[in-house]
Each structure stands twice: as C-alpha cells, then as structure tokens.
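# Inside the fold
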Amino acid sequence: MYSLITNNAELHHSVKSGEYIEGSALDVLIRVRSLVHSGSIVLTHTLCGNLRPNHQPFRSVIVDEIQGPVDLDSLSVIESAVNVYQSSPLITPDELDDGRRNDYAYIDAELMRESLKHYGLMKGENLCNASSLLVKEV
Amino acid sequence: MKLELHRLKVKGLKFGEKTGFENGILTVSKAEILALVSEDPLLGKNIDVDIAMPGEETRIMPVKDVIEPRWKISGKGQVFPGMLSDVETVGEGQTLVLSGCAVLTAGKLVRFQEGIIDMSGVGSDYTPYSKTCNVVLVLEPSDPNMDKHDYEAACRIAGLKTAAYLAKSCAGCKADTVEVYERPTIREAMNSYPELPKVGYIYMLQTQGLLHDTYLYGVDVKRILPTIISPLEVMDGAIVSGNCVSACDKNSTYSHLNNPVIADMLKRHGKDFNFVACIVTNENVTLADKRRSSSYAAKLASMLGLDGVVITEEGFGNPDADLIMNCRKCEQLGIKTALLTDEYAGQDGASQSLADSCPEGNACVTAGNANEVIHLPAMKKVIGFAEEANVIAGGWNGSLADDGTITVELQAITGATSELGYTKLGAYTL
C-alpha cells in the first residue's frame, strides 16, 4: 500500500493514505527507516531538493508499505539520508514564524505533487494553502 | 545544421520614445515594454521597467530569471519555440543577439528562492549579470490570491516576450560580429576524426516539480525521456528556465543560451576530441524516474559509441543523486565521465559538500561553495524589494541591516555558483 510519511500536517490531511509524524524532518526519516527495516520500499528520494536540512523543516517521503525482506536499495537511500540529517543542524517547524512555516510547507507539498499524483495518493487538487507566498506587505 | 549569431554589442542603455539600437546604445521604450507586458491579464497594474548598468550603485532583487535578447532574422522557427513562438525546430539560419544586454524578471514570487544582483561592490564580483546592461521588469500578479503556477508562467512569458521584442526592434541593424556555427549530422560526426575520442555532453535540467521546472520546446522536461539535441538549438532558446530554486545554481535562460560547456566543447571539437552529441535529461523526484532517466541517458551515450561525457547538474540535494546515477551508469558502460557541480559545504566549508557520491566520480569540477558568507554594502538604489534578503535562501531573519547592508550566503547571489560554469568563481593561473 502506498503511503506518505510526513511531518507536514497540512499535506498529510490532503492525501488518501499516510502517517503524520509530529517532529522534525529527521524523525520522518527515522520512521521511514523503521518501515524499510520491516520490508517497505522507498518510492521518492529521501533528501529534499535545493534546500539544506537546516533550511527545510519539512520532509515527506512516499513508501510502498509492505512486510517482507529488506529492500537493499531502499535501505541504502534512507541510511544515507539519515546520516546527512544527523550530521547537520536542523530546524523544526515550530521554530519558525507562521509565514515562513507556511512557505516551507507549501514548497514541500509542491515538490511532492507529481509523485502523489503518480501513486494515486491525492484526495483533490489542493495540497497546501499558498497564501503566505503571495505578495503582501512586509 | 548551420547557425549564424549576428551580435550587436550593447554598451549602454537609455530610455526613449522608440526601442532601437544606434552606436552601441540600446534605446528602450518604457511605454512599448509596458504595453507588451501588460497585455497579460495575470499581471498587475504596478509593473515597472527600469535599467541598471555595470558599475552603478544599484541592487536588483529578488531576481527570478535572466534572459538574453535574441530574435531570428532568418531560418525556421523563432526564438524560445513552444514557449513564445511556434514549435518549429530552431538552430538554423541567422539569429540576432543583443550581446552584453540582459532582461531580468524581478518581484516577489516564491519568495525564498530568488536572487540578488549587485551592479557594483563586492557582490558584483560573484555574479556574471553585474557586467550586462540590464533591463529589469518588476512584476506583480493582478490578483494577490493568484495560483503560484499561473503567476510563475506569467513572469516567465513576460521576460521572454521583452527579450524577444528588444532584439526584434533591432533586427534592421548591421551586426558588429557574426559567428558561424556548423554542426555535422551524427553520421558525419561518427566518421570524422577517427584518431580523437568521441565525447558527448549530458545536460541535466532541473525538473523536480511545479516551480522547479525547465522547458524544452515548451514541453515540461520532467515528462520527457532523455533525448538528443543540437547545441545550436540551445543557442536559439529551445531550453527555457521556469525555475524558482536557489539563485546561485539555477541555470538562467541566459546561461542556457550561452552555455559555456557547449561553447568550449564546440571550440575543442576536432582538436582535442570529437564532440558528437548533446543529451538532455531531467532531475525528477521519484526514485523510479531517477533510475529510468539515468539508465536511458547512459544508454543513449552508449548507443552513440561515446568514449566520454561531460555531465552538468542543476541545483543540489536530491539532484546530486541523479548526477551520481548518471556518472556511475556511464562509467559502468565504459564511458569516462567528468562532472560539473557546486558544493554546499556549510559556512565553514567543513561539511560534506554533496548529498551523494560514488567511487567512479573521480573527475569532478566544482563551481564553489554556495554556503560561503558574503557582506554586501548598501546601495544607492534598489530595484525591487530589499527586505526579501531576510527570506531568500542563503539569507536569514536579520540579513538586511538597518544601514542597508546585507549579509548572506553566496546561495543568494544569482548565478554565483552556476553548474554550467557560467560564473565568475574559478581557479586562474597567474
């Protein structure tokens, strides 16, 4: 069963199947690693694009949740991601003001959009409210 | 395939009633540009056009894309095919280039993913676009609640339209220089220079998702399989940036048009190696896509019988995985690789600089450490919105000081660590 593991609450509510992790991006990766240990296959890359771990507090990973022998490719990908996050300073969602938190949540969701569509996990078209990204008084 | 680039050398800019070119000066009609850009109902009423010259105490931010004005004066198709013009194949005939000039799109878009261009001071040493005569569009959406993707597309098209319009307005002028590029067919290339190694170029394009996109003949590159393209098509704008990612290493449309890897490979073709083909590929999010595209790009290189490839990346993070897959799969097929990337090694330069690596990646060129911190002096004039320094990638809350100085990582400077090598950072022999 395809499943989205994420600490992005708004994105979690927009998908058909998944698990919400209340915590940091590293907590998400550690949960994915546990699933891989019991046989799940990682379907999307575990590192985010163009943002370092200390810049992007959200992490979302799609897995095929199954029980079985360990998939070594998935294990390799998730272990290296956990290493990267363990060796970097992290920010957590609750360290940010609302505007920034929404910006990062929106980009996290947008970068998952194609993959969520591909694996049939989207409930509707809207993933995350983009209002804070739009022009506003600063 | 033969393409002539007719270059008009732009040495200065001024506003005037009618757009045109005379004695090295490009006159820009603000009214004409505003009329052209405001045709789009997605763009708001407070659009502005400004100009910025090298050496001026001017800061432009946040910058989305940089585009070189070009216009085809003969040959099939028109510049930026599938995006601005019809989908006809380009790369043949004559194309007018306003050399030394650039159109910049600026405004608040995906706020933390745009960049800074300083026209003087220490910041100008890090961006190639401080040396161009810049026509700046400061844009806003007509509806503050507009969908981000619609607004990104509107900004992208506004920039391309302006660049094409400026060059079109100078179409009757006699070029200062004419460069002639001629490319053989693959069949001819295969039979040429038997003593030289056959070399290709794997050209990776950012395609991680909406707002992290690149277009080829108007097609979203995330939806393509790797394919072969002539370098001459790239010079006519077949590849267009739709990116809103870190400013330092997103490949602007300008840097695609002037891709220095292609330029150098064309120069060395027939001397050091036989430059057979250019392969474009994507950087998608799912692991299956990454595996498919890297296997397919390596397979194309192998089918062409290449001895070696240059591979350039765009962006960082999980695209590092695409870079490494391309490298490893080519090497496993007996094709030597040279990689061009940049680094995110932390402000002290001590962290792991790439998210992925492999033993086969033993020939790697870096465009610099994007995390290096730089202090930018205050400028007399800011085109755009200086306060964005506090939210752009590479900046932080407090990056913009009360006195107008800005402290940021190089990541925030447009083009500072371009992975096409279109950057001012490098190692030089003195």
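The structure reproduced in this document is the subject of the present report.

Parameters at a glance
Residues numbered from 1 in each chain as written. Chains lettered and ligands numbered in written order. Predicted model: local features only at pLDDT ≥ 70, side-chain atom pairs only at ≥ 80, totals over all residues. Helix = DSSP H or I, 4+ residues; strand = E, 2+ residues; numbered from the N terminus. Rg over C-alpha atoms; globule rule 2.2 N^0.38 Å. Buried ≥ 20, exposed ≤ 12 C-beta atoms within 10 Å, placed from the backbone. Contact = placed C-beta atoms within 7 Å. Core = buried A, V, L, I, M, F, W, Y, C linked by C-beta atoms within 7 Å. Expected span 1.5 Å × (residues − 1). Bend = angle between axes of the 7 residues up to and from the residue. Nonpolar A, V, L, I, M, F, W, Y, C, P; charged D, E, K, R; others polar. Pairing = 2+ DSSP bridges. Axes fitted to C-alpha atoms, helices over the stretch in contact; angles between N-to-C directions. Parallel < 35°, antiparallel > 145°, perpendicular 65-115°, else oblique. Left-handed = near helix turned anticlockwise from the far one by under 90°.

### Structural notes on the overall build of chain A
- Helix and strand counts for chain A come out as four helices and four strands.
- Secondary structure elements of chain A occur, N-terminal to C-terminal, as β-α-β-α-β-β-α-α.
- Taken against the 2.2 N^0.38 rule, which gives 14 Å for 138 residues, the C-alpha radius of gyration of chain A at 15 Å falls within 12% of a compact globule.
- Across its three principal directions, the C-alpha atoms of chain A cover 55 × 35 × 25 Å.
- Buried positions account for 48% of the 138 residues belonging to chain A.

### Notes on the overall build of chain B
- Scanning chain B for helices and strands turns up eight helices and 24 strands.
- For 430 residues, the compact-globule formula gives about 22 Å, and the C-alpha radius of gyration of chain B, at 21 Å, lands near that figure.
- For chain B, the spread of C-alpha atoms along the principal axes amounts to about 55 × 50 × 50 Å.
- When the 430 residues of chain B are sorted by exposure, 56% land in the buried category.
- Put simply, 79% of the contacts in chain B that link residues at least 6 apart link residues at least 24 apart.

### Description of the nonpolar core
- Val32 of chain A together with Leu104, Tyr201, Ile279, Ala301 and Val309 of chain B are the most contacted members of the largest nonpolar core, which totals 161 residues.
- If near-sequence neighbours (up to four positions away) are discounted, Val309 of chain B is found in contact with Val199, Gly200, Tyr201, Ile202, Ala301, Cys330, Ile335 and Thr337 of chain B.

### Quick word on helix H4 (residues 98–118) of chain A
All names here are of chain A.
- The first and last C-alpha atoms of H4 sit 30 Å apart over 21 residues, in line with the 30 Å expected at 1.5 Å per residue.
- Bending of H4 peaks at approximately 40 degrees at the position of Met112.
- Backbone geometry just downstream of H4 places Gly120 in the positive-phi region, at approximately 65 degrees.

### Topic: the environment of Met83 of chain B
Residues and elements named next belong to chain B.
- On the secondary structure map, Met83 appears in the loop between strand S7 (70–74) and strand S8 (93–99).
- For the pair Met83 and Leu216, spaced 133 residues apart in the sequence, the C-alpha separation amounts to 8.7 Å.
- If we ignore the near neighbours within four places in the chain, the residues touching Met83 are Leu160, Tyr215, Gly218 and Val240.

### Some details on the interface of chain A and chain B
- Taken together, the contact pairs 28 residues of chain A with 33 residues of chain B.
- Elements represented by at least two residues in the side of chain A that touches chain B include exactly helix H3 (72–86) and H4 of chain A.
- For the side of chain A that touches chain B, the residue count by class is 13 nonpolar, nine polar and six charged.

### Some details on the pairing of strand S6 (residues 58–67) of chain B
All names here are of chain B.
- Counting buried positions along S6 gives 10 out of 10 residues, so the element sits mostly inside the fold.
- Pairing between S6 and strand S23 (residues 381–384): four bridges, direction parallel. Along S23, the bridge assignment pairs Arg59 with Val382.
- Summarising the sheet, S6 and strand S10 (residues 115–118) pair through three bridges and their orientation is antiparallel.

### Things to note about the packing of helix H2 (residues 25–37) of chain A against H3 of chain A
Residue and element names in this part refer to chain A.
- In contact at an axis separation of 10 Å, H2 and H3 are set at 155 degrees when each is read in the N-to-C sense. In this view, H2 runs roughly antiparallel relative to H3, as classed from their interaxial angle. In the crossing of H2 with H3, the sense of the turn from one axis to the other is left-handed. Contact with H2, carried on its side by Ala25, Leu26, Leu29, Ile30, Val32, Arg33 and Val36, involves Ser74, Leu75, Ile78, Ala81, Val82, Tyr85 and Gln86 of H3 and no other residues of that element.
- Partitioning the contact of H2 with H3 into residue classes produces 11 nonpolar, two polar and one charged.

### What about the sheet that holds strand S17 (residues 239–243) of chain B?
All names here are of chain B.
- Taken in spatial order, the three strands of this open sheet run S15-S14-S17, and their pairing is antiparallel. The two strands at the open ends of the sheet, each matched to only one other strand, are strand S15 (219–220) and S17.
- Of the pairings in the sheet, the one linking strand S14 (residues 212–216) to S15 comprises two bridges and is antiparallel in character. Note that in S15 the partner of Leu216 across the bridge is Val219.

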